[in-house]
Each structure stands twice: as structure tokens, then as C-alpha cells.
Amino acid sequence: MARELLAGWGRTAPSSAEVTRPARPDAVVAALAGAPARGVIARGLGRSYGDAAQNAGGLVLSTLGLGGVAWADEAAGLVRAAGGASLDDVQRFLLPQGWALPVLPGTRHVTVGGAVAADVHGKNHGVDGSFARHVADLRLATPAGVAAVTPVGDPDLFWATAGGLGLTGVVLEATLRAAPVETAYVRVVSRRAADLDAVLAAMSAKDGRHRYAVAWLDALATGGATGRGVVSWGDTAGVADLPRRRQASPLATDHRRTVTLPRSAGAAALPGAAVTVVNRLRYCRAPATDVATVEALDRFLFPLDAVDGWNRLYGRAGFVQYQFVVPCTSADVVRVALERLRDAGCPPVLAVLKRLGAADPGPLSFPLPGWTLAVDFPAARAGLAGVLDGLDEMVAGAGGRVYLAKDARLRPELVGAMYPGLDRWRAVQRRVDPDGVLTSDLGRRLGLVPASAAGRPSSATAAPYPASTVGAG
Amino acid sequence: MNDAHGSPQTVLVFGATSDIARAVLARLAARRARTVVLAGRDPEGLQAVAEELRGAGVTAVETVAFEAADTNAHAALVDGVFARHGDIDLVLVAFGELGDQAALETDPAAAVRLVQVNYVAAVSVGLAVAAGLRAQGHGNLVALSSVAAERPRRSNFVYGSSKAGMDAFFRGLGDALRGSGARVVVVRPGFVRTRMTAGLPPAPFATTADAVADGVVRALETGAETVWVPPVLRWVMAVLRHLPGPVFRRLGDR
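Residues numbered from 1 in each chain as written. Chains lettered and ligands numbered in written order. Predicted model: local features only at pLDDT ≥ 70, side-chain atom pairs only at ≥ 80, totals over all residues. Heavy atoms only, no water.

As for the overall build of chain A
Here is step 1: Counting its regular elements, chain A contains 14 helices and 21 strands.
Here is step 2: Taken over C-alpha atoms, the radius of gyration comes to 22 Å for chain A, in line with the 23 Å a tight globule of 473 residues would show.
Here is step 3: The principal-axis extent of the C-alpha atoms belonging to chain A is close to 65 × 55 × 45 Å.
Here is step 4: Relative to its 473 residues, chain A shows a buried fraction of 58%.
Here is step 5: Within chain A, counting contacts between residues at least 6 apart in sequence, those at least 24 apart form 72% of the total.
Here is step 6: Carbon and sulfur atoms make up 55% of the accessible area of chain A, which amounts to about 17,500 Å² in all. (Helix = DSSP H or I, 4+ residues; strand = E, 2+ residues; numbered from the N terminus. Rg over C-alpha atoms; globule rule 2.2 N^0.38 Å. Buried < 20%, exposed > 50% of the residue type's maximum accessible area, 1.4 Å probe, protein only. Contact = heavy atoms within 4.5 Å. Areas by Shrake-Rupley, 256 points an atom, 1.4 Å probe, with all protein chains shown as cover.)

A short note on a nonpolar patch on the surface
Here is step 1: On the surface, Phe 205, Val 232 and Trp 235 of chain B cluster together to form a nonpolar patch covering roughly 330 Å² of accessible area.
Here is step 2: With respect to the helices, strands and loops of the structure, Phe 205 of chain B is situated in the loop between β7 (192-193) and β8 (207-208). (Patch = residues over 30% accessible without salt bridge, like charges linked within 9 Å, V, L, I, M, F, W, Y side chains within 5 Å. Salt bridge = Lys/Arg side-chain N within 4 Å of Asp/Glu carboxyl O.)

Looking at the confidence of the model for chain B
Here is step 1: Looking at chain B, pLDDT values average 95 and 99% of them are 70 or higher.
Here is step 2: Reported confidences for the modelled complex are a pTM of 0.93 and an ipTM of 0.94. (pLDDT = per-residue confidence, 0-100.)

Some words on the sheet that holds strand β1 (residues 3-6) of chain A
Residues and elements named next belong to chain A.
Here is step 1: The strand order β1-β2-β4-β3 describes an open sheet built from 4 strands, whose pairing is mixed. Where the open sheet ends on each side, the last strands, each with one partner, are β1 and β3 (40-43). Ignoring which end each strand starts from, the neighbouring axes of this sheet average 45° apart.
Here is step 2: As paired elements, β1 and strand β2 (residues 15-20) share 4 bridges and run antiparallel to each other. Residue pairing across strands places Arg 3 opposite Glu 18, the latter belonging to β2. (Pairing = 2+ DSSP bridges. Axes fitted to C-alpha atoms, helices over the stretch in contact; angles between N-to-C directions.)

What about the interface of chain B and chain A?
Here is step 1: Counting residues at the interface gives 28 residues for chain B, matched by 34 residues for chain A.
Here is step 2: Note on chain B versus chain A: buried area summed over both sides is about 2,200 Å², and carbon and sulfur give 47% of it.
Here is step 3: Broken down residue by residue, the surface that chain B buries against chain A is led by Met 1, His 5 and Arg 32 of chain B, which jointly contribute 26%.
Here is step 4: Between Arg 34 of chain B and Glu 413 of chain A there is a salt bridge; the shortest N-O distance is 2.8 Å.
Here is step 5: Counting across the chain B and chain A interface gives 15 residue pairs in polar contact (both at pLDDT 80 or more).
Here is step 6: Secondary-structure elements contributing two or more residues to the side of chain B that touches chain A are α3 (74-85), α5 (108-136) and α7 (209-222) of chain B.
Here is step 7: Among the residues forming the side of chain B that touches chain A, the class breakdown is 6 nonpolar, 13 polar and 9 charged. (Buried area = accessible area lost by both parts, 1.4 Å probe. Polar contact = N/O pair within 3.5 Å; in protein donor to acceptor, adjacent residues only side chain to side chain. Nonpolar A, V, L, I, M, F, W, Y, C, P; charged D, E, K, R; others polar.)

As for the sheet that holds strand β21 (residues 401-402) of chain A
Residue and element names in this part refer to chain A.
Here is step 1: Within the open sheet, the 8 strands sit side by side as β16-β12-β14-β13-β19-β20-β18-β21. Their pairing is antiparallel. Looking along the sheet, the strands with just one partner apiece sit at the ends: β16 (291-296) and β21.
Here is step 2: Sheet topology places strand β12 (residues 185-193) next to β16; 6 bridges connect them, and they run antiparallel. By the bridge assignment, Arg 187 is partnered in β16 with Val 294.
Here is step 3: Helix α6 (residues 196-205) rests against β12, β13 (212-217), β14 (229-236), β19 (350-356) and β20 (370-378) of the sheet, and its axis sits at about 35° to β19.

Description of the side chain of His 74 of chain B
Residue and element names in this part refer to chain B.
Here is step 1: Along the chain, His 74 falls in helix α3.
Here is step 2: Residue His 74 is classed as buried on the basis of its relative accessible area of 1%.
Here is step 3: A polar atom in the side chain of His 74 sits 3.3 Å from the backbone oxygen of Glu 67.
Here is step 4: Once residues within four sequence positions are removed from consideration, His 74 is found in contact with Phe 66, Glu 67, Ala 68, Ala 121, Ser 124 and Val 125.

Focus on empty space enclosed by the protein
Residues and elements named next belong to chain A.
Here is step 1: Under the counting rule described, the total for this entry stands at 6 cavities of 30 Å³ or more.
Here is step 2: Within this model, the largest cavity holds a volume of roughly 120 Å³.
Here is step 3: If you trace the largest cavity, you find 14 residues lining it, with Asp 207, Gly 208, His 210, Ala 213 and Arg 355 closest to the centre.
Here is step 4: Among the elements that take part in the lining of the largest cavity, helix α4 (residues 125-128) stands out by supplying 3 residues, more than any other.
Here is step 5: Roughly 80 Å³ of volume is contained in the second largest cavity.
Here is step 6: As for the second largest cavity, its lining consists of 13 residues, and the residues nearest its centre are Ala 100, Val 181, Arg 211, Tyr 212 and Leu 297. (1 Å grid on protein atoms, 1.4 Å probe; cavity = no way out; pocket = protein on both sides within 12 Å on 5 of 7 lines; lining within 4 Å. Points joined across faces, edges and corners; volume = space filled by probe spheres on them.)

Thoughts on the pattern of salt bridges
Here is step 1: Counted according to the given criterion, the structure contains 45 salt bridges over all chains.
Here is step 2: Asp 154 of chain A is the salt-bridge partner of Arg 431 of chain A, the closest N and O atoms lying 2.6 Å from each other. Placement of the pair is Arg 431 of chain A in helix α13 (residues 422-432) and Asp 154 of chain A in the loop between β9 (145-149) and α5 (155-161), with a sequence separation of 277 residues.
Here is step 3: The partly exposed category is assigned to Arg 431 of chain A, whose relative accessible area is 44%.
Here is step 4: Taking the shortest distance from any N to any O, the salt bridge between Asp 389 of chain A and Arg 32 of chain B comes out at 2.6 Å. Of the two residues, Asp 389 of chain A is situated in helix α11 (residues 384-397) and Arg 32 of chain B in the loop between α1 (19-30) and β2 (35-40); the pairing between them involves two chains.
Here is step 5: Judged by its relative accessible area of 13%, Asp 389 of chain A falls in the buried class.
Here is step 6: Shared partners join several salt bridges into a network, and the residues in it are Asp 389, Asp 392, Arg 409 and Arg 411 of chain A together with Asp 3 and Arg 32 of chain B.

Remarks on unusual backbone geometry
Here is step 1: Each neighbour pair has its own omega, and for Val 229 of chain B with Pro 230 of chain B the value is -5°, a cis peptide bond.
Here is step 2: The topology assignment puts Pro 230 of chain B in the loop between β9 (226-229) and α8 (233-240).
Here is step 3: Look at Ala 13 of chain A: it is not a glycine, yet its phi comes out positive at around 45°.
Here is step 4: Checked against the element boundaries, Ala 13 of chain A lands in the loop between β1 and β2.
Here is step 5: With a relative accessible area of 25%, Ala 13 of chain A lands in the partly exposed category.
Here is step 6: Even without being a glycine, Phe 205 of chain B presents a positive backbone phi close to 65°.

A closer look at the packing of helix α10 (residues 332-343) of chain A against α11 of chain A
The axes of two packed helices give the description: the angle between them and the distance between them.
Residue and element names in this part refer to chain A.
Here is step 1: Where α10 meets α11, the axes come as close as 10 Å, and the angle between the chain directions of the two elements is 165°. Overall, the two elements α10 and α11 adopt an arrangement that is roughly antiparallel. Viewed along their axes, α10 and α11 form a crossing whose handedness is right-handed. The residues of α11 that touch α10, namely those facing Val 333, Val 336, Ala 337, Arg 340 and Leu 341, are Leu 384, Val 387, Leu 388, Gly 390, Leu 391, Met 394 and Val 395. (Parallel < 35°, antiparallel > 145°, perpendicular 65-115°, else oblique. Left-handed = near helix turned anticlockwise from the far one by under 90°.)

Printed below as a string of C-alpha cells:
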């Protein structure tokens, strides 16, 4: 095994680790049993933005050798996928047969294990919830052994694993509940909204009436136009909705051309003026009143997948995606966040607003009922670190939280306030990993796992967790 | 661990009582630094810095006696710090002496001592730290060099030669550590108004410890490998390095 330098999708804070790629589940069990002092973490397709799937100085277990998708029960729509299979693999299996995964995040290039570990959500969270809600069972390799984990049989472990950032074990396999679909297309209705209030009002008015809802915001707009954007709603299309030439093969996946950026594309960061122009054009091109179109599911759900390696556009220092959620009653946090970022000279390159529905029971699962804003920045933007620290305080104060699977910079002291179930999660984590084998750079940075798993001598401290990160309630 | 902005949680500083080290530590404490190990020669000075840091929110401060010239003790000292504190996210090498050029020229033994502190000890500490960072698979090493490393000047060439040696060493060490997760940042300030330079006439482009500290924090954010403070010195020195000797001498000793 050789050491490899690994980073998240945002390419910030790389670290080196031994990387192993087991081809069979028993090799995963063996790797956990023979873990080095600095522990083990699983890594799928590396789409976590921050440091969730890296483990400096320890072992990183690539799950990409564990593939395969098959029906568990075709009549019931139960599909069995290996932890290292991608959601793209699963969709390519399901769609031609008239099925689809009910929850898909912003990229199809994540593994099933990663989707569970981040408890990912899509543009349909209000209607369909997050990924784990559609998982019937997991086969989980923990340091305590391989377990079949279901929400009924062992709810504690199941929900500690959903959103548990890989720190409760390696997902070997998952049984997922698919949903029947008539087509691989979405009926989309879009229109622009002149300011943030208009965006929020439009999304609130149609809340729950469409399966998908998302708003793209022009974060560079100022004054009365602050928070203006384009709102899109979508519903799975029926055959009759399609243009006649598509009706013959309504389930054909859209094999659009993917553009691959040259490796040198990251040499210079995105020029700010270009970003401003693109944002303005995107807003002005959108229709002023509802206009209906039919779009391929892939194009609607995964617009960024069209550019392979788009993360390199941000240059050497990489980029940060900051995503928070606040309760519906605190929508003003979204406005203040946009204003503060703009006033500090850190307007996001991309800003996406969604409304989330009911939360899953997972103590570290991100979604809460409310508004979620995701914003992208070049990591080296001067002043960004301080502004984001201020936003964290505001979000935590409003009863909100940031998305840990995307985090690369949260102040550890705030994790307990944002995730009040943290201590409950830690108790379950300790149960399946008493010796502190599972750890990651994110786990160390945020103090989620005991310090001993961070390669520290167990005699170093009496208290296993940094006092400042103990959960609030 | 370092975060996406290069902000460390655990810091080890050699030469911790220097004005530049204190300015850097104040900034890191305001961000994520919660554990700091202060290594230096002056126990009372270290205690004073420790108090400053506790007041700034650092929860664990350890002071360690460090004698730069005692290179035989360095490896054990560094290993001990890594063993006691686990990951060290940032190591700052900030010790050094300026010396009195005129006195050094007539006292070879004193000149050797200065070179041992500024260069030999830096090599010794640098290699011990690099081994620790390589093993843990991440971390930043920030070394305070000087513009004096760029081209020897008549007025301080003993000091300048020692900085040239340590500067070359740390740049090479940075190359050696590529791919290991560890990274080296070489900082080249111009004339810094500090206790070390008190009483000396300031050179052109004189700067402050605060400006140097800002430059260090910025380099951690951007991933820069070399930092000039003020930044214009990069271009000034690029020109000075290529000036013919007679011209440089006339400029250099004003």
C-alpha cells in the first residue's frame, strides 16, 4: 500500500494516507481488524466537499472495489446495491425498467455508502425526505463485526449511520426502495422573482404542490434586488407530457455530452467579473411568469455533472461550499447571510436555496424543516473565514445547523449546539467502535470521535472528547 | 487539523517570545488554535506569552525549554511534543539572532555561534519536525527567513548568509515533503521594527510584526509557498539580485 494525497471535492486541506481498495466484503472486515494506530475511514467517489473522507496518516478504505446492483425484490421495487456502487450505477440499472431512486443529490457521482453516510437530500426533500428514509436495510462492517442493520431492528445504529459520516462503519450493501416512473423526464415550471421576499413567497405558496422545488439566487445583486433569483418546480413527467419524438422511448437516459476540463484549468481562479455577468444573464434570461418545459431528469437534477472536474475551476486553494438550514420562521437569516457576504466582499459564485421538510431521526442527519442555502466560494477569498464564523453563530442561534458532509471549516465548539443529539450519536458510535478505530480528518477536526482515535496515546487525557464540543442537550 | 482556510487547532512555536511569533499566535488564537506549545529560551518570557494566549481563548498551553544551539536535544524535544499532543497542525520556526556585524567580523567564535543558531539549529529542528508531519500525513511548517537571504550585503552578511542557508534548506524541505500532506511556507520579511532591530536605522520598506503575521495567515489561506512582507519586496529583490556588484554595493550600504 502506498500513501496517497487525498482531498475532498473542494480540494482544501489535503492529507496523505495509506489507501486500500478491498474487492470483497471480507477484505473490508480484515482491514478494520488490522487497522493502524491512526484508524480507518471509508471513501467513495470523493464528493464530500470537505475532509469527511480523508484520514491523515492512517488508512483510507476505498469502497470502489465493492460494486454491483441487482433486484432484491423486483415486484416491490427493492434494489440491492453495493456500498461502492454509484447512484449513477443504480439509476442506469433502474431507469430502463421503469424505476428510479426517490432521493438523488446534486450529483449522481456519489456512492451508495456515501449517500447513506451523508444522508443526502435532493430538490424533493419536502415531499420525499432524505436518502436514509428509503433505505430498507444496511449491511454494515463495524469494528465490532458485520451487522444487518434496519430501522426497526436496530434503530439507534441505523440512524447513527444515516448522516454519521462513515464513523459508525463501512456500508457493504444497502437495500433501497425505488419508486416507479413512467419517464426519465421532469415537467419543469420556472420563473424569476425580483428579490428574496418574492423568492420565499413563491416557494412557500407552492410548497408541497410539486415534487421538486429549488431556487437559484443571484448573490451579486444589490440593494432592492438582494436575493433575486429563478425558482423552478418540477414533477416527474408522464409519457403524455413528452414531445412526440420522445414518447417512443420515454425511459431513455439522456446521454448528453460531458465536457472534461483540462487538468491545467485550475491554474487561475474564476475571474470575478465573469461571475457577475453570468449571474446577471442567468437572471435576465429567465421568464418573468411561469413557463413550463420538459427536461431530462439528469439535466434537471445534476446540472453540474455536465462539466467533469468543475471543482478545478477554483484554482490551487480550492473552494468552500457552505450550506446551512434554518427553521422556516428564521428566513431572515438567509437575507442577512447574503448581505453580510456581499458587504464583506465575499459574494458567493453560486447560491442555491431550497425548502426542506420533516427531519429524519438521525442525530447527525442535516435536514431540518426550513430554508437551506448553499453557497460556493474560492477558499482563499480574503475575509471569508471570519464572515463564515459569524454566520455559524447566527445559524446556531436560530436553531439551525450547517451540513457536516460539506463542512471544511466549522468552529468545533458549535457542533453540539447545532446537533443536539451529538452525545446520543457518540454513545452509539462508541458501542460499535469501542477501540476508536474509525476516524477521519473531519472527525478529528470537529472532535466527533474520541481523541484516542486521532492517533493520540490513550493516557493523554482523562476526558475522551474536547470539553468544548460536548453536546448541548 | 487545519481547516479549509489553513487555520490550525494545535500549534508548536520555536522562538515563541519573538514579536513576530506573538503576533502570529494572536491571530491563530482568534481563529481555531486551542492547544499551543511554546518553545524558547526565556522561561519568564514564555510564561508571559502563555498568559496572553490563555486570555485569547487557548485552552491548553505548554511551555518547553528550547536551546537552539543544543542540537542534540532537538529530536527528543520534538518527538515529546508530538507524543503528548497528537497532531501538530502548524509549526512556526521563529528563532534567530541578528548579531552585530562589526563585532562578528572580529570574533569568529561569535559568528559561528550565530550561524549555529540561525542555520544549523533550523536544519536540526526542521528535520525533526518534518518527520513528525510526514508521519501524521498533514500539517504546515512556517519558517521565518529574511530578505537578507536573497543577496549578501556588506552591512550584515554573517546574518544574511545564515538566513540564506536556512532559506534554501526550508525551500528544499518543502519540495521533499510534496505529496506527504505536509507543506512548508518560507517567509521573507524586510526590515521589521521589533525588539531584535531596536536602535537600528530602518531600511527602506521597513515593516512591522503585525504585517508579517498577516502575511503568514494569508499564506496559510492561499497555499503560497513563499511570502514577502511587504509583498513589493518580491519584485524589489528580483531586481537587486541581478544588479552589478558596484551598483549594488553603492545602494546596499546606504
